[in-house]
Amino acid sequence: MEQDNPFLALFESPASAKVSSKQPLPASLVSLKPLIHEFLGFTWDPSQVGLILIESSNQSHDDDITLPTLENALFERLLLSDPISQQIPAVDPKKAWNGPGYFKESRCMSYLGGCLRPIIQGLRSSRPSADQSLMKSLRDLVVRNMITAFLEPDIYQGQDLYGQVFELLSDHAYQSENGVFLELLISGIVAESRPHAENLVKYLVDRIRQDFEKGSFMTLSEADWLHRIRQDFEKGSFMTLSEADWLILGYFATSALPAELFIQCDTPANLNAGSAYGDTALGVLLTMSCLPKFEIQPYDFFESPSNQTPAVHSATEARIWTGLQNHRDKLTVLFKQFLKASDKAKHLLLEWIGNCLKANVGRGKLWTSAVGGLLGNDYVSDGFALNLGGVLLRLCEPFVSGVKNPRILKIRPNYTATQVQNDPSVHMKGLHEETTLVPNSEESLNPMIDQEASMNFISDIFFLTQKCLNVGFRVAQEKFMKLNQELNRHQTLYREVIGSNREAVETIQKRMNVIMTRYLSIKAALLEPNTLKAHMDLTTATSAFLVQVAMSEGQLINSEKFIPLSFPLPKHIPLGLKFIPEFVMENICEHMLYVKRFNPYHFEEAGYENLYSTLELILAFTGSPTWTKNPHLRARLAECLDCLLPHHALQEKNLGNSMACGSFHRQQVFMAHPLRLQIVPTLLHVFVSIETTGQAVQFEEKFSYRRPMYDVIKYLWDMEEYRDMFVSLAKSAEEHIDDEEAPLFLRFMNLLINDAIFLLDEGLDLMKQIQEMQSKRAEWQSLPANERGQSEAQYRHVGRMARYQNIMGMETIEMLERLSSHIKAIFTHPSMVDRLGGMLNYFLKNLVGPDRKKFKVDKVEEYDFRPADIVTTICKTYINLKDCEVFLAAVSADGRSYSPDLFKQAEGVLLKIGKMDMIADLQEIDTSVCNLAASQKADDELFADAPDHFLDPIMSILMNDPVKLPDSGQIVDRQTIARHLLSDQSDPFNRMPLTLDKVIPQTELKQEIQNWVATKRKTTTSS
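Quantities reported herein were computed from a predicted structural model and do not represent experimental measurements.

Visitor: Any chance you could break down the environment of Gly607 for me, citing the residues and the numbers?
Guide: For Gly607, the location among the structural elements is in the loop between helix 24 (601–606) and helix 25 (608–622). Along the sequence, Gly607 and Val669 sit 62 residues apart, while their C-alpha atoms lie 9.8 Å from each other.

Visitor: Help me get a handle on helix 1 (residues 32–40), residues and values and all.
Guide: Residues Leu32, Leu35, Ile36, His37, Phe39 and Leu40 constitute the buried set of helix 1. One or two positions beyond helix 1, positive phi appears at Gly41, with a value near 75°.

Visitor: Explain the packing of helix 34 (residues 830–848) against helix 35 (residues 867–880) residue by residue, including any values.
Guide: Running from N to C, helix 34 and helix 35 point in directions that differ by 145°, and their axes come no closer than 10 Å. By crossing handedness, the relation of helix 34 to helix 35 is classed as left-handed. Where helix 34 abuts helix 35, its residues Leu840, Asn841, Phe843, Leu844, Leu847 and Val848 lie against Pro867, Ile870, Val871, Ile874, Cys875, Thr877 and Tyr878. Here the residues of the contact of helix 34 with helix 35 sort into 11 nonpolar, two polar and no charged.

Visitor: Which residues make up empty space enclosed by the protein, and what values go with them?
Guide: In total, this model carries seven cavities of 30 Å³ or more according to the counting rule given. Along the walls of the second largest cavity sit 14 residues, with Ala742, Ala978, Leu981, Leu982 and Leu996 positioned nearest its centre. For the lining of the second largest cavity, the residue count by class is seven nonpolar, four polar and three charged.

Visitor: How would you summarise the sheet that holds strand 5 (residues 1000–1001) if you had to cite specific residues and measurements?
Guide: In any sheet, the strands associate via hydrogen bonds between backbone groups, in a parallel or an antiparallel arrangement. What the three strands build is an open sheet, ordered 4-3-5; its pairing is antiparallel. Strands with a single pairing partner mark the edges of an open sheet, and in this sheet they are strand 4 (971–973) and strand 5. Packed onto the sheet, helix 39 (residues 974–983) meets strand 3 (962–964), strand 4 and strand 5 and runs at close to 85° relative to strand 4.

Visitor: How would you explain the layout of surface pockets if you had to name every residue and give the values?
Guide: Estimates place the volume of the second largest pocket at around 1400 Å³. Lining the second largest pocket are 42 residues, with Asp834, Ala893, Gln936, Ile957 and Gln975 sitting closest to its centre. Of all elements in the fold, only helix 32 (744–776), helix 34, helix 36 (885–893), helix 38 (919–942), helix 39 and helix 40 (1003–1022) reach the threshold of two or more residues within the lining of the second largest pocket.

Visitor: Could you give an account of unusual backbone geometry, with specific residues and numbers?
Guide: Trans peptide bonds make up most of the peptide bonds, and negative phi angles are found at most residues other than glycine. A cis geometry characterises the amide bond from Phe567 onward to Pro568, with omega recorded as 0°. The backbone of Lys859 shows a phi angle near 50°, a positive value even though the residue is not glycine. Considering the arrangement of structural elements, one finds Lys859 in the loop between helix 34 and helix 35. Accessibility expressed as a relative area gives 54% for Lys859, which makes it exposed.

Visitor: Lay out the nonpolar core with the relevant residues and their values.
Guide: Phe42, Phe262, Phe621, Phe670, Phe745 and Leu819 are the most contacted members of the largest nonpolar core, which has 286 residues in total. Looking at this core, the element that brings in the most residues is helix 32, giving 16 residues. Not counting chain neighbours up to four residues away, the residues in contact with Phe670 comprise Leu641, Leu644, Leu645, Pro646, Arg676, Ile679, Tyr715, Leu716, Met719, Glu721 and Tyr722.

Visitor: Give me the lowdown on a positive patch on the surface, citing residues and values where you can.
Guide: A surface patch of positive charge is lined by Arg852, Lys853, Lys856 and Lys912. Here Lys856 is to be found in the loop between helix 34 and helix 35.

Visitor: Describe in detail the packing of aromatic side chains, supporting the description with residues and values.
Guide: Scanning the entire structure with this criterion turns up 30 aromatic pairs. Ring centres of Tyr277 and Trp352 lie 5.5 Å apart, and the angle between their planes is 80°; on these two criteria the pair is classed as edge-to-face. Note that Tyr277 is positioned in the loop between helix 10 (256–265) and helix 11 (281–287) and Trp352 in helix 13 (residues 343–359), a separation of 75 residues in sequence. Like Trp352, Tyr277 is buried. Centroid distance Phe480 to Phe598: 4.6 Å. Interplanar angle 75°. Geometry classified as edge-to-face. Of the two residues, Phe480 is situated in helix 20 (residues 473–497) and Phe598 in helix 23 (residues 582–598); the sequence distance between them amounts to 118 residues. Residue classification places Phe598 among the buried residues on the basis of a relative accessible area of 13%. Three or more aromatic residues joined by ring pairs form one cluster here, namely Tyr415, Phe462, Phe463 and Phe545. Note that Arg207 overlies the ring of Phe166, its terminal NZ or CZ placed 4.0 Å from the centroid. Above the face of the Tyr842 ring, Arg896 is positioned so that its terminal group lies 4.2 Å from the ring centre.

Visitor: Got a sec to walk through the side chain of Thr517? Specific residues and values, please.
Guide: With respect to the helices and strands, the residue Thr517 is situated in helix 21 (residues 502–526). Ignoring sequence-local partners within four residues, the contact set of Thr517 consists of Tyr299, Phe301, Phe302, Ser304 and Pro305.

Visitor: Please give an account of the pattern of salt bridges that cites residues and values.
Guide: Applying the stated criterion across every chain, the model contains 38 salt bridges. Arg636 is paired through a salt bridge with Glu590; the nearest N and O atoms lie 3.1 Å apart. With Arg636 in helix 26 (residues 631–643) and Glu590 in helix 23, this residue pair connects regions lying 46 residues apart in the sequence. There is no split in this pair, since Arg636 and Glu590 are both buried. Across the pair Glu639 and Arg636 runs a salt bridge whose closest N-O atoms are separated by 4.0 Å. Separated by three residues within a single helix, Glu639 and Arg636 lie in helix 26, roughly one turn from each other. Comparing Glu639 with Arg636, the two get one shared label, buried.

Parameters at a glance
Residues numbered from 1 in each chain as written. Predicted model: local features only at pLDDT ≥ 70, side-chain atom pairs only at ≥ 80, totals over all residues. Heavy atoms only, no water. Helix = DSSP H or I, 4+ residues; strand = E, 2+ residues; numbered from the N terminus. Buried < 20%, exposed > 50% of the residue type's maximum accessible area, 1.4 Å probe, protein only. Axes fitted to C-alpha atoms, helices over the stretch in contact; angles between N-to-C directions. Left-handed = near helix turned anticlockwise from the far one by under 90°. Contact = heavy atoms within 4.5 Å. Nonpolar A, V, L, I, M, F, W, Y, C, P; charged D, E, K, R; others polar. 1 Å grid on protein atoms, 1.4 Å probe; cavity = no way out; pocket = protein on both sides within 12 Å on 5 of 7 lines; lining within 4 Å. Points joined across faces, edges and corners; volume = space filled by probe spheres on them. Pairing = 2+ DSSP bridges. Core = buried A, V, L, I, M, F, W, Y, C linked by side-chain atoms within 4.5 Å. Patch = residues over 30% accessible without salt bridge, like charges linked within 9 Å, V, L, I, M, F, W, Y side chains within 5 Å. Areas by Shrake-Rupley, 256 points an atom, 1.4 Å probe, with all protein chains shown as cover. Salt bridge = Lys/Arg side-chain N within 4 Å of Asp/Glu carboxyl O. Lys, Arg positive; Asp, Glu negative; His and termini not counted. Charge placed at Lys NZ, Arg CZ, Asp CG, Glu CD. Phe/Tyr/Trp six-rings, centres within 6.5 Å; stacked < 30°, edge-to-face > 60°. Lys NZ or Arg CZ within 6 Å of the ring centre and 35° of its normal.

This is the structure we're talking about:
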């Protein structure tokens, strides 16, 4: 049985263990005796007070130790059912010494572990080298006996060996030794039987998971304990996490083999089951948050929020932030320990994260967010996703913190390529299926893919983090915005029913409390300050990274230095952008928009240098369809520009006095950035591109994109250098008005007029509907409950639509007035002037004429309908262009809305609303337009008998410059087709593609019309 002797390691060779039972220890090992007393706690000498006496080993004295008896003594000690009965008592009870508690332990692993940890501690001390050598041998002996216990558990029947190990690891007294203890134990068992080691690790993982499930993420400081326990613990709102469990996880994470086994045992059996990751030990930790695991479960914070003051909400939010920050920091330390434990542990953890994210991609699908909590149970919780995102953001800090950190140039854009995705060093699988910023074909990308053999850690963690933000933060932000909208709707309902229906008021208030609780909880989870800062660091670093990818010609990215952005942008199609998923850009947009709405001062905390990088991203990608194919994504980037405004009406409304905290850095972005003037053409380009995407885009969607652009243009217009840039673009458009592609500013003006016509007309129509509904609303009380409810719902819907259309209509007409104050030529161009004059006449007639009473409604302020402001703005536009005879002629020629009474009616309204300073100018316009109208009327009568082939087939007016369309063969006036092509690049008769340079001038017909006109005038004059 020599091979089974656990003490053979003490000798140089197995042969040296062949000694008689009476052979004493060699002289070099005699000093082992006090170590046996100190660490193993037993003796053969009955005079050793406090130690456990071993009597059945045929050994009479400690100085006469033999190898078999030492081995047998340890085995006999392990089999003692009542060690205390064998403890050597002191003659004088006052001098009794009982030794460490484990000396009296009857449980196998509790005793052996108790022996091992002091030995490990002793090996770290400055003992003599001879003692160190013997202690190592003693350590190996104890470990061998522990391994034997797990391999032959029947020897210790009735003992919970696994539970004893967990108990040992939970002992705070040996924090620094427990990691070594666990490594020695697991490594030793693995060497003999890996399945036995896996069983132990699975047990420990499960125990940790169970303990964590009983706790919450909130941990209290000792100073808080007595005060807070009454307020929070008695309510059961949160519990403290077991510090012992954190320590046990740390023991696993700091050693190679235990770390590897832990992660393997903590991986779900079904890798594709998203929710299964929340049931693992790591998953339980990640799930702990101020948000419940399932949406249908109750929330622990912000109970009955309507009964609490804002100060109470702020205090609760601050406590949550403290808890979340500590929890995420601890998780980050733990993940770092696993990553550093060994290369294999690093791979396993990153693989765990990657598989988890891939299995939970469904969280971000539209159908999941639409169905809500029902399908949400198939995936990890919002709290899990946000905490994992918080950890990954912290792991990114070394290469994203600081301005243009050179480490971001090490990120490899081709991480998402199909061939690369098959590499074991890539842990975020499935990214090759994502839509990229620039469309690609794998065949054309093969040469680029071969440039890099395997991925680095920075690339891996970067794309893992980006995906986590996409399935975590983005989804939570969308839910938060929906809750915000739902809360606003219920607040409107509450105001409508208060004082009239007590039961309805109580029902609505209860529902508002539920929504507000969820709203405040998600807000707290999203805005935890440290995570918010880390998120902003990643956002600005990603901005700089994407610009560098775009500027790197002929390679994926220039990894040596930053290439400065310059205009005009390079014409090349960046190779690296063919690999970057769109969601990377979407993550930037989501974060910027969320911060703008709920914590805009965070932009100030980020500083000018970081905002500098963000502006460069916006400038580079917003105006370039070559670099960002998706027009909706470019429009969202334009919204990000709105986020950087130093002041914002929406922010001031939501945040009140907090806006006084400063805006210096945001101002500097617009005043000091060397490329700042490129904002104007970039903004106009994306404004126009929304209309010309070739995709089906609803009017409402277009306006939701354009509304933030109005805010930016208004802000820029008040600064002279930007205003001059607008004027310069207008002059350039005038010079290139007949180019093959219509100038940018001309297309922009055309769309503004289109939008104004649609929005103002829709708004007025909805106001008519509201007036009609209000007149019938009293009758609805006699309707059945379901019909009454449907009518009220329709009434509220129309009201919301009217408010939206009125706001956007006012924004658009104000934009036209603002531009017309400094720009004239474009407004009076033949392709523009008739529509502008007709639009102004039509809406002025509706608002100052007899029909204006049709728009009078109760509580008009609820619909943001401001007829006085609209009339004032329209009249200002007339006045801005009063010296342009072409414009006045277009006003007079409008047979639909112009009448001699139009401006007189407008004067009456201006007088009533206190705008007397405008009346003199309007009277001057009235006189000029009347004269021109008389002349126009005479011409209309004179040319009434014009031949049909002289008339434009679309507008039925006499053509001034007839041209032939190449595909349909139709002849139309150049002004008519030019106006059409501004909005639609196709032949209006057969929908074939068409540009203005392709039309064929009809010189002979033009001369024929001119001769006929001259003859008619001459005949009239002579008569």
